[in-house]
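# Overview (structure and organization)
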Amino acid sequence: MSHSVFSQFLLHLGDSQLILSHRLAEWCGHAPELELDIALANIGLDLLGQARTLLSLAGEEEGLGRDEDQLAFFRNEREYRNLLLCEQPNGDFAQTMVRQWLMDHYHHLLFAALSHSQHKALAAFALKSLREVKYHLRFSTAWMERLSLGTSEAHAKTQLGLNELWRFSKELFVLTTEEQGLVTEGLIPNIEPLKAQWLDVVTVELQRFELSLPETGAYRSGAKQGLHTEHLGFVLAELQYMQRTYPNMSW
Amino acid sequence: MDNKNNWSLFEVFVRSKQGLSHRHVGSLRAPDAEIALQNARDVYTRRNEGISIWVVKSEWITSSQPNEKNEFFDPALDKVYRHPTFYHIPDGIEHM
């Protein structure tokens, strides 16, 4: 029982990295500057590397013989467990930076906690990824500062991006009832209290950026039930196209 | 920052390992020094090329001029006594 709950939890982590990675890859060739193009692709590739490890671990825990590729390319939308925030469209550069910055703060707290997991492979993964995440956070923070405290147009776009994305923030750090069992077993630490820490640091930073915390009454969630926004299907269509057309092809 | 044409040109220097000096590897554009450092990290050290980066605005570099080459460098051409080549190096001394 806990095996499948644990593998679903790992899928949730891995899918989030994979989908966010794909979104960042969409900037390739389109970023405002050549240097940003490379920077976004670098971060995307870091996330893709993390996704590969997590999906491989999920496949092992699942015990059905599915490897990272089969999990990435041959599951449909309702089987994907990524955070809704990750699948949201890039919008403009400011909106992409807001999404990345929210996710980087999430990763920073999450991976620090997971590095204490009693599951050795997961703990080692989290510790290694934390180094990458610290740089991602430095990058996104620098751009949040410059966009929000720069021109009035950049400030307005950053605030719009935040307003658009904030309603997807509620499901960060949420554990299902089944996943609480993983905490009891020591497979994962209790990450739910991290939500308050995340909210604290994000709120303080937003004040520094002179951005206001959006008020929303309509939070969206559904990652762990596979209930996605309309955007994920389009992401998967592109991501999975080649393997769906020529199954198991390689180069 | 109001116009990306205002992005300054920065020169990038990377030190590949302890004990070596920073070496000029190229240049890039950035709105300020911190972003220049980040851009340099992503553009010039993504294949593990370095352990330290310097960036400096190109306009802060003062350079010799090509048309001053004669008076600047030629006088050193015929001063062989400035090279330590007239000393006998005792046997057993290595790495000289």
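Right above here is the structure, for reference.
Fair warning: this is a prediction, and the values are worked out from it, not measured in the lab.

The helix and strand tally for chain A stands at 10 helices and zero strands. What you see in chain A, going N to C, is helices and strands ordered as α-α-α-α-α-α-α-α-α-α. Since a compact globule built from 251 residues should have a radius of gyration of about 18 Å, the 18 Å found for chain A is in line with a globular shape. C-alpha extents for chain A along the principal axes are approximately 55 × 45 × 35 Å. The burial tally for chain A puts 54% of its 251 residues in the buried class. Across chain A, the fraction of contacts at a sequence separation of at least 24, relative to all contacts at a separation of at least 6, is 79%. When the accessible surface of chain A is totalled, it reaches about 11,200 Å², and 55% of it is carbon and sulfur. Charge centroids of chain A, computed over 21 positive and 32 negative side chains, lie 2 Å from each other.

Turning our eyes to something else, we now look at the layout of surface pockets. All names here are of chain A. Computed from the structure, the largest pocket encloses a volume of approximately 800 Å³. What lines the largest pocket is a set of 27 residues, among which Leu-18, Leu-48, Asp-69, Phe-73 and Leu-239 lie closest to the centre. Elements with a minimum of two residues in the lining of the largest pocket: helix 1 (2-25), helix 2 (34-62), helix 3 (68-73) and helix 10 (231-245). With seven residues, helix 2 is the single largest residue contributor to the lining of the largest pocket. Broken down by class, the residue content of the lining of the largest pocket amounts to 15 nonpolar, seven polar and five charged.

A grouping of Tyr-241, Met-242 and Tyr-246 of chain A is seen on the molecular surface, where their side chains present a nonpolar patch of about 340 Å² in accessible area. Tracing the backbone through its elements, the reader meets Tyr-246 of chain A in the segment after helix 10.

Looking now at the packing of aromatic side chains. In the structure shown here, the tally under the stated rule is eight aromatic pairs over all chains. Site record: aromatic cluster; members linked through ring pairs are Trp-27, Phe-93 and Trp-143 of chain A together with Trp-7 of chain B. Its guanidinium or amino end placed over the ring of Tyr-80 of chain A, Arg-75 of chain A lies 4.3 Å from that ring's centre, counting from NZ or CZ. The positively charged end of Arg-41 of chain B is found above the aromatic ring belonging to Tyr-135 of chain A, 3.4 Å away from the centroid.

Overall, the coordinates contain 14 salt bridges over all chains when judged by the stated rule. The salt bridge involving Asp-32 of chain B is made with Arg-146 of chain A; its shortest N-O contact spans 2.5 Å. Remark: Arg-146 of chain A occurs in helix 6 (residues 120-148) and Asp-32 of chain B occurs in the loop between strand 2 (23-30) and helix 1 (33-44); the pair is interchain, linking two chains. Between Glu-179 of chain A and Lys-224 of chain A there is a salt bridge whose closest N-O contact spans 2.8 Å. On the criterion of sequence distance, the pair formed by Glu-179 of chain A in helix 8 (residues 177-185) and Lys-224 of chain A in the loop between helix 9 (194-208) and helix 10 is long-range, its members being 45 residues apart. No difference in accessibility class separates Glu-179 of chain A from Lys-224 of chain A, as the two residues are buried.

Our next topic: the sheet that holds strand 3 (residues 52-57) of chain B. Residues and elements named next belong to chain B. Here three strands make up an open sheet; going across it, the order is 2-1-3 and the pairing antiparallel. Of all the strands in the sheet, the pair left with one neighbour each is strand 2 and strand 3. The average angle at which neighbouring strand axes cross in this sheet is 30°, direction not considered. Running over the sheet, helix 1 touches strand 1 (8-15), strand 2 and strand 3 and is turned about 120° from strand 2.

Another point: the interface of chain B and chain A. The figure often quoted for interface size is the accessible area lost as the parts come together. At the interface, 17 residues of chain B touch 14 residues of chain A. Of the roughly 1,500 Å² buried where chain B meets chain A, counting both sides, 55% is carbon and sulfur surface. Where chain B touches chain A, the interface holds two salt bridges. Put simply, Glu-34 of chain B and Arg-138 of chain A hold a salt bridge, and the shortest N to O gap is 3.0 Å. There are seven residue pairs in polar contact (both at pLDDT 80 or more) connecting chain B and chain A.

Each value, and the rule that gives it
- Residues numbered from 1 in each chain as written.
- Chains lettered and ligands numbered in written order.
- Predicted model: local features only at pLDDT ≥ 70, side-chain atom pairs only at ≥ 80, totals over all residues.
- Heavy atoms only, no water.
- Helix = DSSP H or I, 4+ residues; strand = E, 2+ residues; numbered from the N terminus.
- Rg over C-alpha atoms; globule rule 2.2 N^0.38 Å.
- Buried < 20%, exposed > 50% of the residue type's maximum accessible area, 1.4 Å probe, protein only.
- Contact = heavy atoms within 4.5 Å.
- Areas by Shrake-Rupley, 256 points an atom, 1.4 Å probe, with all protein chains shown as cover.
- Lys, Arg positive; Asp, Glu negative; His and termini not counted.
- Charge placed at Lys NZ, Arg CZ, Asp CG, Glu CD.
- 1 Å grid on protein atoms, 1.4 Å probe; cavity = no way out; pocket = protein on both sides within 12 Å on 5 of 7 lines; lining within 4 Å.
- Points joined across faces, edges and corners; volume = space filled by probe spheres on them.
- Nonpolar A, V, L, I, M, F, W, Y, C, P; charged D, E, K, R; others polar.
- Patch = residues over 30% accessible without salt bridge, like charges linked within 9 Å, V, L, I, M, F, W, Y side chains within 5 Å.
- Salt bridge = Lys/Arg side-chain N within 4 Å of Asp/Glu carboxyl O.
- Phe/Tyr/Trp six-rings, centres within 6.5 Å; stacked < 30°, edge-to-face > 60°.
- Lys NZ or Arg CZ within 6 Å of the ring centre and 35° of its normal.
- Pairing = 2+ DSSP bridges.
- Axes fitted to C-alpha atoms, helices over the stretch in contact; angles between N-to-C directions.
- Buried area = accessible area lost by both parts, 1.4 Å probe.
- Polar contact = N/O pair within 3.5 Å; in protein donor to acceptor, adjacent residues only side chain to side chain.

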